[in-house]
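Single-letter residue listing:
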Amino acid sequence: MMQDIDPVQKKYSVAVHYMRLLFDYLQRKNYPVSQFLAEINLAPNLFDRPNDRVDFQTFNQACHLLQDKFKQPNLGITLGQLVTTGHLGPHGFALMTCANAREVMQQNIHYSALTIDAGSNIFERHGKEYIRYWKSNLSGDQPLGKLQDELHQASYVTLSRQLFNRQDLSPLWVSFQHEQPEDISEYNALFRCPLIFNAKDTAIGFHEDFLDYPLPSSNESVHLVMSDLRQQLLKQLGNHLEPSWLAVARKAIIESFQLGGLTFEELAQQTDFTVDELKTEMLRHNLNFRYFVDEIRQSLAMSYVRNPQLSLVEIAFLLGFSEQSAFQRAFKRWTGKTPKEYRSFNT
């Protein structure tokens, strides 16, 4: 049965193109999509507008309705294996044009809300491991639940194999917060790695070497266009990843580059937070301090390099690099090209 919608949760939503994942599943089951839409009280013409949104609770309840209707206790695993970049809309197509897995990771941190904003991707490094956490954004720290956690874990692995054209890719391990099901054969067949249930976090661990994997479909010029489109869509969405203090933080970081940068403690002062408050806010809004600073520097670097009036020495200074060689190395890491190569390609 469909549960009552908590009005507190109505601000969270999923993109219409993501909702189509359920329709693909229905077609495989030979179940009329129009009939299902009537059952969840959604008008068919809603899906004529690809940039529209559907309330997250409506989406979640629709998933559970399918799970009950077709008696698939691990429906999230099944749905996750159906996900394609098309279900992620502009964000999915932009991911295809990234240079490498590192860039895919950074893009997922900041743009996944375009697909679904009820949860956030958070990445942390632990030794030679990178861990991708899937965190709930629901009020009161409510969990997203077994089905949604399964869906996002399964889709992450499925999309990684698609993006890199590597069906042999497998994580180091995968963890879930829910209890271990009686039958985990579907889990084993998909993830092909150690599984952890009743874990503290819903997460995936992978080796740092994975970050250097190149994407076969990388296309820098298309990526720039798609990035601009996603920025516009984020502004239209007005999602929780853009709190009021974020502009202050960006300004403080940019101004600090020529002064040698700033520490996390200094940023907390600039934004009128305590250190613990800023940590909480950044975690809640899907931000990692080091990646946040690096992305701002990268964005500025690409903009500066496109400006032929600025020399590469001046750009290195503006971005706070002590030596031009350090800037050159960082830029090559960000884009796969030297600043000179990038400038000749984009001007």
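Predicted, not measured: the structure shown is a model, and the values here were computed from it.

Undergrad: Just checking my understanding: could you explain the overall build of the protein for this structure?
TA: Summing up its helical and strand segments, the protein has 16 helices and 7 strands in all. Expected size for 347 residues packed as a compact globule is a radius of gyration near 20 Å; at 21 Å, the protein falls within 12% of this value. Residues counted as buried form 54% of the 347 residues belonging to the protein. Sequence separation of at least 24 residues holds for 69% of the intrachain contacts in the protein that already meet a minimum separation of 6. Accessible surface, the protein: about 16600 Å² in total, of which carbon and sulfur atoms supply 51%. When the 34 positive and 39 negative side-chain charges of the protein are each reduced to one mean point, those points stand 5 Å apart.

Undergrad: Would you mind going over the pairing of strand E7 (residues 203-207) with me for this structure?
TA: Burial runs high along E7: 4 of the 5 residues are buried. Sheet analysis places strand E4 (residues 129-136) next to E7, joined by 5 bridges and oriented antiparallel. Bridging across to E7, Arg132 finds its partner in Ile204. Across 3 bridges, the pairing between strand E5 (residues 173-175) and E7 is antiparallel. What sits directly across from Trp173, in E7, is Gly205.

Undergrad: Even after reading the chapter, I still don't get the nonpolar core, so can you show me in this structure?
TA: Soluble globular proteins: nonpolar side chains tend toward being buried together. With 67 residues, the main nonpolar core has Met19, Leu22, Phe56, Phe59 and Phe191 as its most contacted residues. The residues touching Phe59, leaving out its near neighbours within four places in the chain, are Val14, Tyr18, Met19, Leu22, Gln148 and Leu151. Leu267, Phe292, Leu300 and Phe321 belong to the second largest nonpolar core, which has 34 residues in total.

Undergrad: What is the right way to read the pairing of E4 from this model?
TA: One face of the sheet, then the other: side chains in a regular strand alternate in exactly this way. The pairing of strand E3 (residues 119-126) with E4 spans 8 bridges and is antiparallel. When the bridges of E4 are listed, Arg125 appears paired with Tyr130.

Undergrad: Would you explain the pattern of salt bridges in this entry?
TA: Following the criterion strictly, the structure yields 9 salt bridges and no others. Linking Glu39 and Lys69 is a salt bridge whose minimum nitrogen-to-oxygen distance equals 3.4 Å. Here Lys69 lies in helix H3 (residues 56-69) and Glu39 lies in helix H2 (residues 33-39), a separation of 30 residues in the sequence. Note on Lys69: relative accessible area 32%, which makes it partly exposed. Note that Lys128 and Glu208 form a salt bridge whose closest N and O atoms lie 3.3 Å from each other. Residue Lys128 is found in the loop between E3 and E4, and its partner Glu208 is found in the loop between E7 and helix H9 (220-237); the two are separated by 80 residues along the sequence.

Undergrad: Just checking my understanding: could you explain the packing of H3 against helix H7 (residues 146-164) for this structure?
TA: A pair of packed helices can be characterised by two numbers: the angle between their axes and the separation between those axes. Between H3 and H7, whose axes approach to 10 Å, the crossing angle comes to 95°. Considering their axes alone, H3 and H7 lie roughly perpendicular with respect to each other. Here Phe56, Phe59, Asn60, Cys63, His64 and Gln67 of H3 come into contact with H7, specifically with Leu147, Gln148 and Leu151. Classifying every residue of the contact of H3 with H7 gives 5 nonpolar, 4 polar and no charged.

Undergrad: What should I look at first to understand helix H6 (residues 101-111) in this one?
TA: Since there are 3.6 residues in each turn of an α-helix, residues three or four apart along the chain are aligned in direction. Taken across its 11 residues, H6 has 11 buried, putting it largely inside the fold. For H6, the N-terminal cap is Asn100; the gap from its side-chain oxygen to the backbone nitrogen of Arg102 is 3.2 Å.

Cut-offs applied
- Residues numbered from 1 in each chain as written.
- Predicted model: local features only at pLDDT ≥ 70, side-chain atom pairs only at ≥ 80, totals over all residues.
- Heavy atoms only, no water.
- Helix = DSSP H or I, 4+ residues; strand = E, 2+ residues; numbered from the N terminus.
- Rg over C-alpha atoms; globule rule 2.2 N^0.38 Å.
- Buried < 20%, exposed > 50% of the residue type's maximum accessible area, 1.4 Å probe, protein only.
- Contact = heavy atoms within 4.5 Å.
- Areas by Shrake-Rupley, 256 points an atom, 1.4 Å probe, with all protein chains shown as cover.
- Lys, Arg positive; Asp, Glu negative; His and termini not counted.
- Charge placed at Lys NZ, Arg CZ, Asp CG, Glu CD.
- Pairing = 2+ DSSP bridges.
- Core = buried A, V, L, I, M, F, W, Y, C linked by side-chain atoms within 4.5 Å.
- Salt bridge = Lys/Arg side-chain N within 4 Å of Asp/Glu carboxyl O.
- Axes fitted to C-alpha atoms, helices over the stretch in contact; angles between N-to-C directions.
- Parallel < 35°, antiparallel > 145°, perpendicular 65-115°, else oblique.
- Nonpolar A, V, L, I, M, F, W, Y, C, P; charged D, E, K, R; others polar.
- Polar contact = N/O pair within 3.5 Å; in protein donor to acceptor, adjacent residues only side chain to side chain.

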